[in-house]
Amino acid sequence: MNIRALETLVQLLVQPSFSAVAEARNMTLSAVSMQMKALEKELNAALFDRQSRPPRLTPLGRKVAEQARLVLAERDDLQALCQSNQGLTGQFLIGFIQTASVRVLPHFLANARAQTPQATFQFAAGLSETLSDDVAEGRLDAAVVTQVEREVAQLRFQPLATEAMVMALPASHAGLDRDALSATLPLIRFRPSSGIGRLISTSLAKAGHVPEQQLILDSIEGTLECVKLGLGYTLLPEPDVARYADSRIVTRAVPGDDPGRDLVLVTRDDKTSAKWRDEVFALMKLG
């Protein structure tokens, strides 16, 4: 549909004269008439009563002109959206691992609401490896994950925070050393294939600690509730333990050269992501 014809039609709402509109739009009278006839043919509708002089809009014509006004306003909004210089614009799909969403996501949303009103965000949850694959394959624009030893050429990782790993154990077992603890209670941990699970495996290996029993539970809150009830002990990032711990939990530093957990923002390493990557990162960066 010809946008110029819609503009002419809308102008005929306020200047109900073909000749006046022709002069205002720097067109000939015949050009305006031909434009309106072509629009009527395309819509298969009589927009003008040509029995009157000058032709006037029919009731349907006025309704179509009012609708065209809305179409043109949407056109203007689209142009303004694409020409905006006011920061992030558009809709972004972002993934979060569970162990980061509670702390990073609210902080991000508060910053986004204050600083990027023209951007909207949708979120997904998952494990680090799955979310990274979703970013690489274009199903997500970005994700906050645990960085693991994995080469992915098309991805870029930007560090958000490094968090120490700690051992959390029931206060009722605080007097046990590591070996006695392992012989008494199972280690409750994330599955080894997940990002945090791989980090736990690395921490255990560096500490030379081989738990006698292990229980897989991919939930921070569920894991720490089990610890509170004396059902096991765990290794998790310190901020997550601190969030849910109470007097029933005590913590210990992880022995050995523990590397800690690196939270990163992962995006595709391409020109499109480069246009907005740093702005999204700034909204997530923790103090």
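Quick caveat: nothing in here was measured; it's all calculated off a predicted structure.

### Regarding unusual backbone geometry
- Each neighbour pair has its own omega, and for Arg53 with Pro54 the value is -5°, a cis peptide bond.
- The phi dihedral of Asn26 falls on the positive side, at around 55°, and the residue is not glycine.
- Summarising the element assignment, Asn26 is placed in the loop between helix H2 (18-24) and helix H3 (29-43).
- Look at Asn26 and you get exposed, because its relative accessible area is 73%.
- Positive phi, normally seen in glycine, also occurs at Asn44, with a value near 55°.
- Along the polypeptide, Asn44 turns up in the loop between H3 and strand E1 (48-49).

### Here's the deal with the pattern of salt bridges
- Summed over all chains, the structure comprises 18 salt bridges.
- Its salt-bridge partner being Asp270, residue Arg268 comes within 3.5 Å of it at the nearest N-O pair.
- Using a relative accessible area of 29% as the deciding quantity, one classes Asp270 as partly exposed.
- Ionic contacts of the salt-bridge type, sharing partners, join the residues Arg103, Glu163, Asp240, Arg243 and Arg261 into one network.

The rules behind these values
- Residues numbered from 1 in each chain as written.
- Predicted model: local features only at pLDDT ≥ 70, side-chain atom pairs only at ≥ 80, totals over all residues.
- Heavy atoms only, no water.
- Helix = DSSP H or I, 4+ residues; strand = E, 2+ residues; numbered from the N terminus.
- Buried < 20%, exposed > 50% of the residue type's maximum accessible area, 1.4 Å probe, protein only.
- Salt bridge = Lys/Arg side-chain N within 4 Å of Asp/Glu carboxyl O.

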